[in-house]
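# Examination of the molecular architecture
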Amino acid sequence: MAAQLLWINFELAGGVSDEEMTEFAEGIAEFPGLRWKIWPFNEERDEEGGIYLFEDENSVERYRNSEYAETFRNDDRYRNVEIKQFDIREGLTEITHAKNVISGEAVPE
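In this report, the structure presented in the accompanying data block is examined. Computed from a predicted model, the values in this text were never measured in an experiment.

Another aspect to go through is the environment of Ile83. Here Ile83 is to be found in strand E5 (residues 78-86). We classify Ile83 as partly exposed; its relative accessible area is 22%. Along the sequence, Ile83 and Trp7 sit 76 residues apart, while their C-alpha atoms lie 5.8 Å from each other. The contacts of Ile83, once residues within four sequence positions are left out, are Leu6, Trp7, Ile8, Arg64 and Arg73.

Looking now at the nonpolar core. Tyr52, Phe54, Tyr63 and Phe72 are the most contacted members of the largest nonpolar core, which totals 18 residues. A per-element tally of this core places strand E1 (residues 4-12) first, with four residues.

On to the packing of aromatic side chains. A complete count under the given rule lists twelve aromatic pairs for this structure. Here Phe10 and Tyr78 contribute two aromatic rings whose centre-to-centre distance is 5.0 Å and whose plane-to-plane angle is 90 degrees, an arrangement assigned as edge-to-face. Taken together, the positions of Phe10 in strand E1 and Tyr78 in strand E5 put the pair 68 residues apart, joining distant regions of the chain. Taking relative accessible area as the criterion, Phe10 reaches 3% and is therefore assigned buried. Taking the centre distance of 5.1 Å and the plane angle of 85 degrees together, the rings of Phe31 and Tyr63 count as edge-to-face. With a gap of 32 residues between them, Phe31 in the loop between helix H1 (18-29) and strand E2 (34-38) and Tyr63 in helix H2 (residues 57-64) connect regions that are remote in the sequence. Among the aromatic residues, those joined into a ring-pair cluster are Phe10, Phe24, Phe31, Tyr52, Phe54, Tyr63, Tyr68, Phe72 and Tyr78. It is Lys37 that lies over the ring of Trp39; its NZ or CZ is 3.2 Å from the centre.

The subject of this paragraph is the pattern of salt bridges. Under the criterion given, the structure shown has six salt bridges. We note a salt bridge from Arg73 to Glu70, for which the minimum N-O separation is 2.7 Å. Here Glu70 and Arg73 lie together in helix H3 (residues 67-74), a separation of three residues that amounts to about one turn. A salt bridge links Lys84 to Glu82; the nearest nitrogen and oxygen atoms lie 3.8 Å apart. The exposure class of Glu82 is partly exposed, given its relative accessible area of 35%. Several salt bridges share partner residues, and in doing so they unite Glu20, Asp75 and Arg77 into one network.

Definitions and limits used
- Residues numbered from 1 in each chain as written.
- Predicted model: local features only at pLDDT ≥ 70, side-chain atom pairs only at ≥ 80, totals over all residues.
- Heavy atoms only, no water.
- Helix = DSSP H or I, 4+ residues; strand = E, 2+ residues; numbered from the N terminus.
- Buried < 20%, exposed > 50% of the residue type's maximum accessible area, 1.4 Å probe, protein only.
- Contact = heavy atoms within 4.5 Å.
- Core = buried A, V, L, I, M, F, W, Y, C linked by side-chain atoms within 4.5 Å.
- Phe/Tyr/Trp six-rings, centres within 6.5 Å; stacked < 30°, edge-to-face > 60°.
- Lys NZ or Arg CZ within 6 Å of the ring centre and 35° of its normal.
- Salt bridge = Lys/Arg side-chain N within 4 Å of Asp/Glu carboxyl O.

Put into structure tokens, the structure is as follows:
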């Protein structure tokens, strides 16, 4: 099965401490099938999210049904939550220098 990209975007209504976010990140880092997660944010609009790369579709499905994804859907501190899943066009991704990123290999410097 091919790697899968998951994109989550939301507005942060406030009340989430740095300690909570760090604990959340540490838990996500241990999630089975996760290769990496990037934490984009726009402070001016209180907008945050995540771009995740999972090993396969089963890993994404487990994450989408996990306590982590449920937090975004059920916690009032997160508004306008969008969760989208994507396949990856590997040939085009290789052309734009991300082959090693999606394969989980180290990225050359």
